[in-house]
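# Topology and contacts: notes
Listed below, chain by chain, are the residues.
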Amino acid sequence: DVKVTQSSRYLVKRTGEKVFLECVQDMDHENMFWYRQDPGLGLRLIYFSYDVKMKEKGDIPEGYSVSREKKERFSLILESASTNQTSMYLCASNRWGATDTQYFGPGTRLTVL
Amino acid sequence: AQSVAQPEDQVNVAEGNPLTVKCTYSVSGNPYLFWYVQYPNRGLQFLLKYITGDNLVKGSYGFEAEFNKSQTSFHLKKPSALVSDSALYFCAVRDRGQAGTALIFGKGTTLSVSS
């Protein structure tokens, strides 16, 4: 089975802190994604990566950056957390092909105070 | 631009009755279509996908979905709902020419099954 893990299920941070969310997949997938999920807005793509050290902006990249130094790991960074970044963050991965299913991690619920 | 619409925020059905969760899509080319389910405070779980071939796709937990190209729809169905089916359901699409890109998701439909 594909396994996508995220470093924390729940996280509480203060405004202005630098926050790291880590995601690891064990299936040698090329593509990895970060979404945020908010009630009534569905899933919105923040960034994705199709290869090591490669990244593409999604629909809402402002206030976020990413890092992919190894194929299995994709990190989301909030350089200076703000209260409007309080959300559920979901990581996903899949193989390169357009038919391939995206597999999701369990999510990190981030609260910024 | 690609998009997915789930016209109902919530669907309520009684246990044992058939259920339908609606999804329509818009892509420039031919679509690959997916359904996911999310239980509270969990990630999304894959249910089924349409790639090609038979318009009726069968997936996990007794769910199925019907691809209708003329109506650009991909509705999720189940003949007999269970209380445990209560969850948030997402429809998603990817254009066939867009390998390596993310799925585009609808806003989700909450399914509530009463006993």
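Remember, it's a predicted structure, so these values are computed and weren't measured experimentally.

Moving on to the state of the cysteines. Scanning the entire structure with this criterion turns up two disulfides over all chains. The partner cysteine of C23(A) in its disulfide is C91(A), sulfur to sulfur 1.9 Å. Linking C23(A) and C91(A), the disulfide has an S-S dihedral of approximately -75 degrees and is accordingly described as left-handed. Of this pair, C23(A) sits in strand β3 (residues 19-25) while C91(A) is found in strand β9 (residues 87-94), placing the two residues 68 residues apart along the sequence. Owing to a relative accessible area of 0%, C23(A) belongs among the buried residues under this scheme. Of the residues examined, C91(A) reaches a relative accessible area of 0% and is grouped as buried. Here C23(B) pairs with C91(B) through a disulfide, and the sulfurs are 2.0 Å apart. Linking C23(B) and C91(B), the disulfide has an S-S dihedral of approximately -65 degrees and is accordingly described as left-handed. Residue C23(B) is found in the loop between β3 (19-21) and β4 (24-26), and its partner C91(B) is found in strand β10 (residues 87-95); the two are separated by 68 residues along the sequence. With relative accessibility at 0%, the residue C23(B) sits in the buried group. By relative accessible area, which is 0% here, C91(B) ends up buried.

Our next topic: the nonpolar core. Residue and element names in this part refer to chain B. Counting 27 residues, the largest nonpolar core has W35, L47, L48, F74, L76 and Y89 as its most contacted members. Looking at this core, the elements that each hand over two or more residues are β2 (10-14), β3, β5 (31-38), β6 (44-50), β8 (64-68), β9 (73-78), β10 and β12 (109-114). Sort the elements by how many residues they give to this core and β10 lands first, with four residues. With near-sequence residues (within four places) excluded, L48 lies in contact with L33, F34, W35, V57, K58, G59, F63, E64, A65, F74 and L76.

So, how was this worked out
Residues numbered from 1 in each chain as written. Chains lettered and ligands numbered in written order. Predicted model: local features only at pLDDT ≥ 70, side-chain atom pairs only at ≥ 80, totals over all residues. Heavy atoms only, no water. Disulfide = S-S within 2.5 Å. Helix = DSSP H or I, 4+ residues; strand = E, 2+ residues; numbered from the N terminus. Buried < 20%, exposed > 50% of the residue type's maximum accessible area, 1.4 Å probe, protein only. Core = buried A, V, L, I, M, F, W, Y, C linked by side-chain atoms within 4.5 Å. Contact = heavy atoms within 4.5 Å.

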